[in-house]
Amino acid sequence: MARYVKSPDREWLKKRLMGAGICIIAVFAVLLMRLIYLQIIKGEEYRRLSENNCIRLKSIKASRGLIYDRNGKLLVDNRPSFNLKIVTEDTGSVKSTVEKVSRLIDVPKKSLLSGIEKNGTRAFYKPVVLKNNISRDQVAIIEAHKFDLPGIIIDVEPRRHYIYEKSCAHLLGYLGEINKKELQSGRHPDVYSGDSIGRYGVEKKFEKLLHGKRGGRQVEVDADGRIIKVLDTVDPEPGMNLSLTVDLELQQVAESMLENKSGAVVAVDPSNGEVLAMASYPAFDQNDFIGGISGKKWRKLMDDPNKPMTNKAIQGEYPPASTYKIVSTIAALEEDIVDKNTQFFCPGHYRYGNRTYRCWKKWGHGDVDIIKAIERSCDVFFYHVGEKAGVDVLAEYAKGCGLGRKTGIVLDDERSGLVPTTDWKENRFGVPWQGGENLSIAIGQGYNLVTPLQMAMLASAVGNGGVLYKPRVLKHVTDGRDKVVKKGDPEINGGIPAGERTMEVLKKGLLKVVQGSRGTARGIQIKGAPIAGKTGTAQVFSIKDREILDTENLDYFLKDHAWFVCYAPAKDPVIAVSVLVEHGEHGSSTAAPIAKAVVKKCLEKRNLLKAEDE
């Protein structure tokens, strides 16, 4: 048997083979470790990245709920909006792509880039809005060049649309884009950056009902982000639909009568407090706010001295003037300062201390009782009442009539007005109340302040026998199947502090204002439908004793405000109206005709005029 003999060559070859084997094993070990790292340790992350590169989740915005008037007429709906977006991860050169888009649709590059800059550190695969609501022509151009525009997509989303330009503007409100602070607050869980939320009016107050629930779609895309196939879809849930108490026809009558004026009209149902119309003029176009109002339009609104962004119906505070005599009458009768037979002589002025207080009628009204004083709006009669009652007694009854406090309407920023007292003046100005101020307070001048809505609710309460309702703007809420899921029910805010005899005298006086032969609003009579009401002319600045003003040449902003409040038909009212025209000078000639137009339209719609005439 031959013996194995070592040789240098064999040993050298063996060592080389062993070294090579070790190297191969080491390489395979490294590869194996790398594979383990990629597949096991990092496998989940890379799988996610891979899927993100070909499978995307696209959010589907829910349609906002629709808004109707009380008769089912659509006030606010949604229209399709073509929104131009970019997915930066699919784009390659963002700057180059945006430059191409800018040239194609003739939109400044800076404007398009602002959306990307605003987006900040948002995930690359999330679409960023370049421009909302592009035109159909622009859509066609983008679609024709889509292969040259990687990462550019067009989403069709619902866009808010207010059907009647400027109508119900302050009541309905408008939308605005949510800001970073609001997103981080957690109060809007289903709202994303770039979405809009209610900023004003009903849109803001019922945001949660109107907003709806977002849906989604799982899609497969190619390397340029273009959709190849839809894998799955979860449909969005539209927002709830609102039916308001407002009547569009009455609203439009009120708005048309306020055209070229500044002021407010409020109409309510005396039986339950439903707001039938709420007009504030001048108004604004809510559609201007969709997608962001331009700086130029915003400055124009802010610079307008007539304040179109203010809801004068609930935010405007004005001296009530002679409409306050409703309160003074209640106080005088309930405190036995006068009765229905008490008479005072009116020579056209009233002397108190060393000052003369004038009646609006220079030559006076002669002997008047309380009903005639209301009918003719005699200031002298109520000067007597004010002197005897005093401000604190008048304040007690004013507060009982709902003045000096908010009515509780759901709209934001309602003002409470002001009912002055002796303590209030002492705390506010550090000086005592003066006796002569009682006279001014009794006719609705001085420190008294009210809102048109407060006066509408007061007129409503007088008409229905004394019940102060909380004003309501929501009639009911329905889901997508028109099923009523919520109703607005009447709420009582209190009652007028007056007995039956007081209410009877007050109502007779208010009826005479319109139906009497010497009533201050006799010019607005409607055949077959008696109206009860009260005129008022509120001074904007004080007039010295015996001072004669040239009202024709007086600066517009120094002219008196015009008031009129009423309810109709007088015996069984279906509507109460408050009208305030800023610097309208005379309640009888400026404000009362506006109320007449609204009342007449309401009675015609309910066939009450025809029934009365027959």
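As shown above, the structure is provided for reference.
1. Remarks on a negative patch on the surface
Taken together, the side chains of Glu334, Glu335, Asp336, Asp339 and Glu396 make up a negatively charged region of the molecular surface. With respect to the helices and strands, Glu335 occurs in the loop between helix H14 (325-334) and strand S13 (344-346). Residue classification places Glu335 among the partly exposed positions, given a relative accessible area of 37%.

2. Describing the sheet that holds strand S12 (residues 275-281)
Two pairing modes exist for strands in a sheet, parallel and antiparallel, and in both the strands are linked by backbone hydrogen bonds. Here five strands make up an open sheet; going across it, the order is S12-S11-S23-S22-S21 and the pairing antiparallel. Only two strands of the sheet have a single partner each, and these edge strands are S12 and strand S21 (532-538). On average, each strand axis in the sheet is tilted by 5° relative to the strand beside it, whichever way the strands run. Both strand S11 (residues 263-268) and S12 contribute to a ladder of six bridges, which runs antiparallel.

3. Considerations on the packing of aromatic side chains
One pass over the structure, following the stated rule, counts 15 aromatic pairs. Between Tyr174 and Phe289, the aromatic rings sit 3.9 Å apart at their centres with planes inclined by 20°, giving stacked as the arrangement. Taken together, the residues Tyr174 in the loop between helix H7 (169-172) and strand S6 (175-177) and Phe289 in the loop between S12 and helix H12 (295-303) connect sequence positions 115 residues apart. For Tyr174, a relative accessible area of 11% translates into the label buried. Relative to Trp298, the ring of Phe289 has its centre 6.3 Å away and its plane inclined at 85°; by these criteria the two rings are edge-to-face. Phe289 gets classed as buried once you look at its relative accessible area, which sits at 7%. Judged by relative accessible area, Trp298 falls into the partly exposed class, the value being 35%. Grouped by ring-pair contacts, the aromatic residues Tyr174, Tyr200, Phe284, Phe289 and Trp298 constitute a single cluster. Across the ring face of Phe429, the terminal group of Arg428 is positioned such that the distance to the ring centre comes to 4.7 Å.

4. A few points about the packing of H14 against helix H16 (residues 379-389)
In the contact formed by H14 and H16, the axes pass within 10 Å of each other and the chain directions differ by 50°. The angle between the axes of H14 and H16 places the two elements in the oblique class. For H14 against H16, the interelement crossing comes out left-handed. Between H14, through Lys325, Ser328, Thr329 and Ala332, and H16, the contact on the second element is made entirely by Asp379, Phe382 and Val385. In the contact of H14 with H16, the residues fall into three nonpolar, two polar and two charged.

5. A few points about the environment of Arg70
Considering the arrangement of structural elements, one finds Arg70 in the loop between strand S2 (67-68) and strand S3 (74-86). The class of Arg70 is partly exposed, set by a relative accessible area of 21%. Between the alpha carbons of Arg70 and Lys475 there is a distance of 7.0 Å; along the sequence they are 405 residues apart. When sequence neighbours within four positions are dropped, the list of residues in contact with Arg70 reads Leu244, Thr245, Val246, Asp247, Glu274, Leu276 and Lys475. A distance of 3.0 Å separates polar atoms of two side chains, one belonging to Arg70 and the other to Glu274.

Calculation notes
- Within every chain, residues take consecutive numbers counted from 1 along the sequence as written.
- With pLDDT at 70 or above as the cut-off, local features in this predicted model cover only qualifying residues; side-chain atom pairs require 80 or more to be listed or tallied, and sums for whole chains, interfaces and linings still use all residues.
- Computation of side-chain values: all heavy atoms of the structure, hydrogens and water removed.
- Note on patches: the residues involved have over 30% relative accessible area and no salt bridge, like charges join within 9 Å, and the nonpolar side chains Val, Leu, Ile, Met, Phe, Trp and Tyr join within 5 Å.
- Only the protein chains shown count as cover for residues, with accessible areas throughout obtained via the Shrake-Rupley method and a probe of 1.4 Å.
- For this document, the term salt bridge refers to a Lys or Arg side-chain nitrogen within 4 Å of an Asp or Glu carboxyl oxygen.
- Positive: Lys, Arg. Negative: Asp, Glu. His and the chain ends are not part of the count.
- Charged side chains are reduced to one point each, which is NZ for Lys, CZ for Arg, CG for Asp and CD for Glu.
- For the purposes of this entry, the term helix denotes a DSSP run of H or I that reaches at least four residues, the term strand denotes a run of E that reaches at least two, and both are numbered from the N terminus.
- A simple rule labels every residue: compare its accessible area, found with a 1.4 Å probe on the protein chains alone, to the largest value its type can have, and call it buried under 20%, exposed over 50%, or partly exposed in between.
- Should DSSP find at least two bridges between two strands, the strands are regarded as paired.
- Axis angles are defined between N-to-C directions and span 0 to 180 degrees, where every axis is a line fitted to C-alpha atoms and, for a helix, only to the segment in contact.
- Any pair of Phe, Tyr and Trp rings, taking the six-membered ring for Trp, is counted once the centres come within 6.5 Å. Such a pair is stacked with planes under 30 degrees apart, edge-to-face with planes over 60 apart, and tilted for the rest.
- Should the NZ of a Lys or the CZ of an Arg lie within 6 Å of a ring centre and within 35 degrees of the ring normal, that charge is described as sitting over the ring.
- Should an angle fall under 35 degrees it is called roughly parallel, over 145 degrees roughly antiparallel, and 65 to 115 degrees roughly perpendicular, with every other angle called oblique.
- What makes a crossing left-handed is the near helix being turned counterclockwise from the far one by less than a right angle; a clockwise turn instead makes it right-handed.
- Should any heavy atoms of two residues lie within 4.5 Å, those residues are considered in contact.
- Gly falls in the polar group here, along with every residue not listed as nonpolar (Ala, Val, Leu, Ile, Met, Phe, Trp, Tyr, Cys, Pro) or charged (Asp, Glu, Lys, Arg).
- For this analysis, a polar contact is any N or O atom pair within 3.5 Å, provided that within protein one partner can donate a hydrogen and the other can accept it, and provided that sequence-adjacent residues contribute only side-chain to side-chain pairs.

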